[in-house]
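# Structural features, examined
Residues per chain are reported as follows:
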Amino acid sequence: MEQISSGYSGDGKPMTKRLTVAQAIIAFLQNQFVERDGREYHFFEGCLGIFGHGNVAGIGQALEQDPGLRYYLFRNEQAMVHAAAAFAKTTFRMRTLVCTSSIGPGATNMVTGAAMATINRLPVLLLPGDIFARRNVAPVLQQLESPSTQDISVNDCFKPVSRYWDRIERPEQLLSSLPEAVRVLTSPAETGAATISLPQDVQAEAFDFPEDFLRKRVWRIPRNRCDAASLTRAAEWVRGAKRPLLIAGGGVLYSEASEALSKLAQATGIPVCETQAGKGSLAFDHPQQLGAVGVTGTPGANIIAREADLVIGIGTRYSDFTTASKTAFQDASVRFININVSEFDAFKHAAVTLVGDARVTIGELQHAISGYKVEVGYAAKVSDFRLAWEKESGRIHGIRKNPPITQGEVIGIINDFTEASDVMVCAAGSMPGDLHKLWRTRRPGGYHMEYGYSCMGYEIAGGLGVKMADPKHEVYVLVGDGSYLMMAQEIVTSLQEGYKLNIILLDNHGFSSIGGLSQSCGNEGMGTEYRYRKGDQYKGDVIAVDFAANAASLGAWSTRVRTGEELKAALAEARRQPHTSAVVVETAFDQRVPGYESWWDVPIAEVSESESVKAARRRYDQARKKERYFF
Ligand SMILES: Cc1ncc(C[n+]2csc(CCOP(=O)(O)OP(=O)(O)O)c2C)c(N)n1
Ligand SMILES: [Mg+2]
């Protein structure tokens, strides 16, 4: 049994350890653990970083002296945060990584990553260096000065994108700040980016830290139960429902509630659809699984949603992609029950709020409605939609075109090639919509999509974070040419660390997604293709970037393919490779997987000289009439 210390030495003085602020942080972080369902985890598994004068002598010194928190050298600070968040997502938020940066640009490079982590509700601890607290040598290199205050630095930019923000001006502030940061990070309802700004001089200052502060601490991740009266009300609503629908969001996965959801769906026959973050909550072939819902949804899920009289949202924040910009639910008297750890999300759509952990609340709801089953006709409709979608997705997977081949075919080939234990990683462009519909997910965690922020550049860095969290899985990173050009450099880090990634780069010479969107808004796709300038426009030849050579130059094994057969052979070769590989496949820019039974609010110019824009505006005005408020 662990000794409980009185915290005092024999002579009555508190036991302390003289450490620098940076050394104390590194010692403290190593001793933070979380526990859920009787399993205990080290919460901070390592520290990703790039050193500069703002952290090398402080945090850098501490990490070098104490290798207990393993250091990983990255190539771009934004990518560090992506990797840390992807790591946390892979572990269902039970473990995460710390990110250290220098001051100035090193710090602000992390702001985009912080926003991404906070939006996706993923814990990451950011330790940007900051300007001198002492101030006498200001302005220091990379300091942004203000004539109106000395109490500001570029690190204030982290405030709106962090769930916790602090600046350590005196060593003893750590004693209250660090535990508060870990409380927020380990809170299922509050989690996101926690940012602790560390002035360069303060990092190196010594202080007598109480030994108790540095002792092992275990944070219990609770499975909170919901309010009993609300549960009774919710059960009444379910019993009265003719056309209920369950929406599985990311919260189902983070709570590891897939089995509970599967049981509820099977016992009641209530169909389940999935958001991007919730995809994989149920296996693709589960009898109640309707697949993706919303803008990028399947026909069955969207028709059932349109007609539903009761929507039970679990762990979803109802983004516009899920609600089809508030047009998805059209039944005049549709009502909502929301199961969510976060009160903020639970109250959306004027729902009955079951504020609690998804797994226990699903179980309690099932108990409260025991005996309830949807009518036979409704169950039959759900299974007809399932069969129809199997046929339609099979058709898209099976489209065979001469090169350049279609994205649907590429997705089908990769999906068939990969195994249940593999992980597919993606984030931005036209692939997320296609994958949401088409990818046949076989286990929770097998589908890793960053679509809260849909941040171009996440893919390779995120894939690395996934691999670091669970190296026994093969990781398949699906990345567009646009995203690759934004952030490919962590290929080098993957080789440095021996974490293998299977990258598949779909080269359609530009932004197919935004090109399609531009056209659907009545425009001509200006600025969405990678072509040489010709006069005022980009109408010259395609700019032939040699992506295979680019990936090879960073150290990856790479190859270029044009047909489906070549792709299959390349995937097999990549699998045999011991290190990171990149398979570059040219795909058609304008052969897109269609949308089904849904709509997305992207406002169209109210006045224009273009006939196609005017027509798009008329369609838009019509479609917007379906947007609803729920009171
Ligand atoms: C950092 C960032 N900048 C801009 C966007 C807006 N955006 C969304 S998709 C996209 C194009 C992506 O191009 P590519 O990766 O080639 O994918 P494709 O659309 O061709 O499938 C852009 C510019 C974004 N999501 N993220
Ligand atoms: Mg592209």
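Right above here is the structure, for reference.
About the cut-offs
Residues numbered from 1 in each chain as written. Chains lettered and ligands numbered in written order. Predicted model: local features only at pLDDT ≥ 70, side-chain atom pairs only at ≥ 80, totals over all residues. Heavy atoms only, no water. Buried < 20%, exposed > 50% of the residue type's maximum accessible area, 1.4 Å probe, protein only. Helix = DSSP H or I, 4+ residues; strand = E, 2+ residues; numbered from the N terminus. Arc of directions from axis to C-beta. Contact = heavy atoms within 4.5 Å. Donors = N, O, S within 2.8 Å, 3.2 Å for Na, K, Ca; no water. Pairing = 2+ DSSP bridges. Axes fitted to C-alpha atoms, helices over the stretch in contact; angles between N-to-C directions. Phe/Tyr/Trp six-rings, centres within 6.5 Å; stacked < 30°, edge-to-face > 60°. Near = heavy atom within 4 Å. Polar contact = N/O pair within 3.5 Å; in protein donor to acceptor, adjacent residues only side chain to side chain. Nonpolar A, V, L, I, M, F, W, Y, C, P; charged D, E, K, R; others polar. Salt bridge = Lys/Arg side-chain N within 4 Å of Asp/Glu carboxyl O.

### Some points on helix H20 (residues 490-497)
Within the span of H20, buried status applies to Glu 490, Ile 491, Thr 493 and Ser 494. The buried side chains of H20 occupy one side of the element, clustering within an arc of 160° when seen end-on. On its buried face, H20 sits against strand S5 (71-73), helix H3 (77-90), helix H18 (458-469), helix H19 (481-486), strand S21 (502-507) and helix H22 (547-553). Residue Gly 498 follows H20 closely and has a positive phi angle near 75°.

### With respect to the environment of Glu 205
Within the secondary structure, Glu 205 sits in the loop between helix H7 (200-203) and strand S10 (206-210). Taking the C-alpha atoms as reference points, Glu 205 and Gln 288, separated by 83 residues in sequence, lie 59 Å from one another. Contacts of Glu 205, omitting those with residues within four sequence positions, involve Leu 19, Thr 20, Val 21 and Pro 171.

### Let's talk about the coordination of the magnesium ion (ligand 2)
The magnesium ion (ligand 2) binds to the protein through Asp 481 (OD), Asn 508 (OD1) and Gly 510 (O); the donor distances cover 2.0 Å. One chain supplies every donor to the magnesium ion (ligand 2), and in sequence these donors are spaced D-x26-N-x1-G. With Asp 481 in helix H19 and Gly 510 in the loop between S21 and helix H21 (512-520), the pair connects residues that are 29 residues apart, well separated along the chain. Taking the relative accessible area as the measure of exposure, Gly 510 reaches 5% and is therefore buried.

### Overview of the sheet that holds strand S2 (residues 32-36)
Paired through their backbone hydrogen bonds, the strands of a sheet run either parallel or antiparallel. An order of S3-S2-S11 is seen for the three strands of this open sheet, with the pairing classed as mixed. In this open sheet, the two edge strands, each paired with only one partner strand, are strand S3 (39-42) and strand S11 (217-220). Direction aside, the axes of adjacent strands within the sheet are offset by 30° on average. As paired elements, S2 and S11 share four bridges and run parallel to each other. Across the sheet, the residue bridging to Phe 33 is Val 218, located in S11. Seen against the sheet, helix H6 (residues 174-186) touches S2 and S11 and runs at an angle of roughly 35° to S11.

### What to know about the packing of aromatic side chains
By the definition in use, this model includes 17 aromatic pairs. Ring centres of Phe 43 and Phe 44 lie 4.9 Å apart, and the angle between their planes is 70°; this geometry places the pair in the edge-to-face category. Taken as a pair, Phe 43 and Phe 44 share a single burial class, namely buried. Considering the side-chain rings of Trp 599 and Tyr 620, the 5.8 Å spacing of their centres and the 45° angle between planes classify their relative orientation as tilted. Residue Trp 599 is found in the loop between strand S23 (581-586) and helix H24 (611-624), and its partner Tyr 620 is found in helix H24; the two are separated by 21 residues along the sequence.

### Some details on the sheet that holds strand S6 (residues 96-101)
Here six strands make up an open sheet; going across it, the order is S5-S4-S6-S7-S9-S8 and the pairing parallel. This sheet does not close on itself; its edge strands, each paired only once, are S5 and strand S8 (164-167). Across the sheet, the mean angle from the axis of one strand to that of its neighbour is 20°, orientation sign disregarded. Here strand S4 (residues 44-49) pairs with S6 via four bridges, running parallel.

### Thoughts on the site of ligand 1
Residues in close proximity to ligand 1 total 15 residues, the closest being Ser 430, Asp 481, Gly 482, Gly 510 and Ser 513. Between an oxygen atom of ligand 1 and a side-chain N or O atom of Ser 430, the distance comes to 2.5 Å. Those elements that provide at least two residues to the shell around ligand 1 are H19 and H21. Element by element, the count of residues in the shell around ligand 1 is highest for H19, at four residues. Taken together, the residues of the shell around ligand 1 break down into four nonpolar, ten polar and one charged.

### Some remarks on the pattern of salt bridges
Scanning the model with the defined rule gives 39 salt bridges in all. Note that Glu 597 and Arg 306 form a salt bridge whose closest N and O atoms lie 2.8 Å from each other. Taken together, the residues Glu 597 in the loop between S23 and H24 and Arg 306 in helix H11 (residues 299-307) connect sequence positions 291 residues apart. For Arg 562, the salt bridge goes to Glu 586, with nearest N and O atoms at 2.6 Å.

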